[in-house]
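Coordinate inspection notes
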Amino acid sequence: MGSYLGISAVLFVISLLGFSANAEVFNVGGSPGSDITQALLKAFTSACQAPTASKVVITKGEFKLGEIEMTGPCKAPVEINLQGTLKADGKAIQGKERWVVFLRINGFKLNGGGIFDGEGNAAWRVNNCHKTFECKKLPISIRFDFVENAEIRDISSIDAKNFHINVLGAKNMTFDNVKVIAPAESPNTDGIHLGRSEGVKILNSKIATGDDCISVGDGMKNLHVENVMCGPGHGISVGSLGRYVHEQDVTGITVVNCTLQGTDNGLRIKTWPSAACATTASGIHFENIILNNVSNPILIDQEYCPWNQCNKQKPSTIKLVDISFKNIRGTSGNKDAVKLLCSKAHPCANVEIGNINLEYKGADGPPTFMCSNVSPKLVGTQNPKACSAGPTPKTAAKGDL
Ligand SMILES: *[C@@H]1O[C@H](CO)[C@@H](O)[C@H](O)[C@H]1NC(C)=O
Ligand SMILES: *[C@@H]1O[C@H](CO)[C@@H](O)[C@H](O)[C@H]1NC(C)=O
Ligand SMILES: *[C@@H]1O[C@H](CO)[C@@H](O)[C@H](O)[C@H]1NC(C)=O
């Protein structure tokens, strides 16, 4: 009697975890090269309506996939097992801003070793969004909107036309062994962009792309990034913050045990001057990071103002509080190895700099470590020397004043 109860309790727990042996399986099917958009939508809809945990399987092979939105809420957890390669339409401009969307799903898994191929090549050549805000929008490859309790594992995204992965409104989501691959010169192809989400982990992943490997937008809370390889790309970036009204605070961002290789920027926090809002970004910690041949390895830039789209005279109204950089080593691609440029109006508060060892071999060396509107707490050793004055300014000749 007791053992019957025990077994059914175990089975119940197993099915709650979504590993039920009798999870319903929905195979998408489709012959190689065919368009599976409708078949996938149908399989997802059936899975989503199933009363117990279910699984959608896309087998090995290459398939075409048009714009698709897979929307919850679902009755039970849903897993998508993608073994094949999904190819987007390769046309340059389609006037669409998204390709694959997962919306409002609570209890979601995406795995299987498969590939989302955004076929971005033609689109990159017409993209001018990196030069102007008035540009044609291009589709983000994979959007997770308001997805909760989710695990994205063993999935690749290649050649997105715009961002590869965008996360908005997520709660408790883990990315593990995700690969992002696009050429260094592909514009706006951020690896993973996150905002307005809470409790996200990015683990054991590899991101090689043309823009930020990971970028963190406003409203992000509790993001943990660990064992990520980034490069080529524009590094790991918090911000830009402060461009729009109604932005929310950022808090609890940790980046540990990561390697950045040949990236244009390393670890960066950027806020616009003349901010449209007055938010706080706090608890941002970078630790145990190797930066090899990285331009601007460590950068806080509160005067971020590309293409002069803002008034640089107005100091940033974003407060940066409780920030640390510890055990950061490697080589800088330029002389300005560390720049902490904080706001005149709101100097950065409680900044800790631990062991830093960044070498620079260029002829214009040695490397520098600049600080403005910040007095960091220094722990351990720093190379270059922290907040050194830099080259002594030439004494002003009499009459210059
Ligand atoms: C987070 O989501 C995972 C599924 O990916 C689940 O197993 C876990 O229980 C969730 N954690 C919390 C605190 O809800
Ligand atoms: C980072 O790596 C070091 C050594 O490889 C290890 O001791 C440490 O626990 C790791 N940190 C985290 C947060 O996993
Ligand atoms: C450093 O990176 C630059 C591009 O940012 C590249 O041209 C150069 O070859 C790299 N140098 C080394 C030593 O890897």
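Residues numbered from 1 in each chain as written. Chains lettered and ligands numbered in written order. Predicted model: local features only at pLDDT ≥ 70, side-chain atom pairs only at ≥ 80, totals over all residues. Heavy atoms only, no water.

Observations regarding the site of ligand 1
Here is the rule we go by: Put simply, a residue is near a molecule or strand once any heavy atom of it comes within 4 Å of that molecule or strand. Here a polar contact is taken to be a pair of N or O atoms separated by no more than 3.5 Å, where protein atoms must pair a possible hydrogen donor with a possible acceptor and residues adjacent in sequence count only if both atoms sit in side chains. Using a 1.4 Å probe, the Shrake-Rupley method yields the accessible areas, and only the shown protein chains count as cover for residues. As a working rule, the residues Ala, Val, Leu, Ile, Met, Phe, Trp, Tyr, Cys and Pro are called nonpolar, Asp, Glu, Lys and Arg charged, and the rest polar, with Gly in that last group.
In the neighbourhood of ligand 1, the contacting residues comprise Asn149, Ala150, Glu151 and Asn172. Asn172 is positioned such that a nitrogen or oxygen atom in its side chain is 2.3 Å from an oxygen atom of ligand 1. Out of a free accessible area of 360 Å², ligand 1 has 37% covered by protein chains. Partitioned by chemical class, the residues of the shell around ligand 1 number one nonpolar, two polar and one charged.

Let's talk about helix H2 (residues 37-49)
Selection rule: In this description a helix means any DSSP run of H or I spanning at least four residues, a strand means any run of E spanning at least two, and both kinds are numbered starting from the N terminus. To estimate how far a helix should reach, multiply one less than its number of residues by 1.5 Å. Exposure classes here rest on a 1.4 Å probe applied to the protein chains alone. A residue is buried below 20% of its type maximum, exposed above 50%, and partly exposed in between. In this context, the arc is that of the directions from the helix axis out to the C-beta atoms. Any two residues having at least one pair of non-hydrogen atoms within 4.5 Å are treated as being in contact.
The first and last C-alpha atoms of H2 sit 18 Å apart over 13 residues, in line with the 18 Å expected at 1.5 Å per residue. Of all the positions in H2, only Thr37, Leu40, Ala43, Phe44, Ala47 and Cys48 are classed as buried. One side of H2 holds all its buried residues, which, seen down the axis, span an arc of 135°. Turned more than 90 degrees away from the buried face of H2, the exposed residues are Gln38 and Lys42. Turning to H2, the residues buried within the fold contact strand S1 (24-27), strand S2 (54-58), strand S3 (62-64), strand S4 (68-71) and strand S5 (78-82).

Looking at the state of the cysteines
By definition, a disulfide links two cysteine residues through a covalent bond between their sulfur atoms. The condition that has to hold: Cysteine sulfur atoms that pair up within 2.5 Å are treated as a disulfide.
Tallied over the full model, the rule gives four disulfides. With a sulfur-sulfur separation of 2.1 Å, Cys213 is cross-linked through a disulfide to Cys230. Here Cys213 and Cys230 share a disulfide; its torsion about the S-S bond, 80°, makes the bridge right-handed. One end of the pair, Cys213, is in the loop between strand S15 (198-208) and strand S16 (214-216); the other, Cys230, is in strand S17 (residues 221-230), with 17 residues separating them in the sequence. Per residue, the accessibility class of Cys213 equals that of Cys230, and both read buried.

Brief notes about the pairing of S2
To keep things clear, this is the line we draw: DSSP bridges decide pairing: two strands pair if at least two such bridges lie between them. Think of it like this: strands point away, you trace from the first strand over the helix to the second, and a clockwise trace means the crossover is right-handed.
Along S2, four of the five residues are buried, which leaves the element largely enclosed by surrounding structure. By the bridge criterion, four bridges tie S1 to S2 in an arrangement that is parallel. Bridging from a neighbouring strand, Val25 pairs with Lys55 of S2. A crossover connection joins S1 to the parallel S2 through H2; in handedness this β-α-β unit is right-handed. Here S2 runs beside S5; their pairing, made up of five bridges, is parallel. Looking at S5, one finds that Ile58 is bridged to Leu82.

Considering the site of ligand 2
Close to ligand 2 lie Glu226, Val256 and Asn257, which account for all nearby residues. With respect to ligand 2, the side chain of Glu226 contributes an N or O atom lying 2.8 Å from an oxygen atom. Interatomic distance of 2.2 Å between a side-chain N/O atom of Asn257 and an oxygen atom of ligand 2. Burial of ligand 2 by the surrounding chains reaches 32%, relative to a free accessible area of 360 Å².

Some words on the packing of aromatic side chains
What counts is decided by this rule: In summary, the pairing rule links any two rings of Phe, Tyr or Trp, Trp by its six-membered ring, whose centres are within 6.5 Å, and it sorts them by plane angle into stacked for under 30 degrees, edge-to-face for over 60 and tilted for everything else.
Counting across every chain of the model gives six aromatic pairs. On the numbers, 4.9 Å between centres and 40° between planes, the contact of Phe102 with Phe108 is tilted. With relative accessibility at 1%, the residue Phe108 sits in the buried group. Both rings, one in Phe286 and one in Phe325, keep their centres 5.0 Å apart while their planes meet at 10°; by these two values the pair is stacked. Remark: Phe325 occurs in strand S23 (residues 319-332) and Phe286 occurs in strand S21 (residues 280-294); sequence separation between them is 39 residues. Both residues of the pair, Phe286 and Phe325, belong to the buried class. One aromatic cluster is present, built from ring pairs that chain together Phe102, Phe108, Phe144 and Phe175.

Some points on empty space enclosed by the protein
What counts is decided by this rule: Cavity means a closed set of points on a 1 Å grid over the protein atoms alone, one where a 1.4 Å probe fits but cannot get out, pocket means an open set with protein on both sides within 12 Å along at least 5 of 7 lines, and lining means a residue has an atom within 4 Å of a point. Grid points are joined across faces, edges and corners, and a volume is the space filled by probe spheres set on the points.
Evaluation of the coordinates by the stated rule reveals one cavity of 30 Å³ or more. Here the largest cavity is characterised by a volume of approximately 40 Å³. Around the largest cavity, the lining residues are Leu40, Ile58, Leu65, Met70, Ile80, Leu86, Val100, Phe102, Leu110 and Phe116.

Some points on the UniProt feature "active site" (unreviewed entry) in the chain
Put simply, the rule is: UniProt positions are given in the numbering used here, feature names are shortened, and annotations may be inferred rather than shown by experiment.
Those places that UniProt annotates as "active site" (unreviewed entry) correspond, in this numbering, to His234. Judged by relative accessible area, which is 24%, His234 ranks as partly exposed. The contact partners of His234, leaving out residues within four places of it in the chain, are Gly210, Asp211, Asp212, Cys213, Asp264, Asn265 and Arg268. Of the polar contacts made by the side chain of His234, one reaches the backbone oxygen of Gly210; its length is 3.2 Å.

Some details on the nonpolar core
As a reminder, the rule being used: Residues enter a nonpolar core if they are buried and are Ala, Val, Leu, Ile, Met, Phe, Trp, Tyr or Cys, with the set joined through side-chain atoms within 4.5 Å.
Judged by nonpolar contacts, the single largest core of 91 residues is most densely connected at Ile80, Phe102, Phe108, Phe144, Met173, Phe175 and Phe325. Among the elements that make up this core, the one with the highest residue count is S21 (six residues). Beyond its immediate sequence surroundings of up to four residues, Ile80 is in contact with Phe44, Val56, Ile58, Met70, Phe102, Phe108, Lys109, Leu110 and Asn111.

Quick notes on the pattern of salt bridges
Selection criterion: Each salt bridge in this description consists of a side-chain nitrogen of Lys or Arg and a carboxyl oxygen of Asp or Glu lying within 4 Å of one another.
Within the structure shown, the criterion is met by 14 salt bridges. When the shortest N-O distance is used, the salt bridge between Arg153 and Asp176 registers 2.9 Å. In this pair, Arg153 is assigned in strand S11 (residues 148-158) and Asp176 in strand S13 (residues 171-181), connecting sequence segments 23 residues apart. Residue Asp176 is classed as buried on the basis of its relative accessible area of 12%. Residue Glu359 pairs with Lys361 through a salt bridge whose shortest N-O separation is 3.6 Å. Given a relative accessible area of 36%, Glu359 falls into the partly exposed group.

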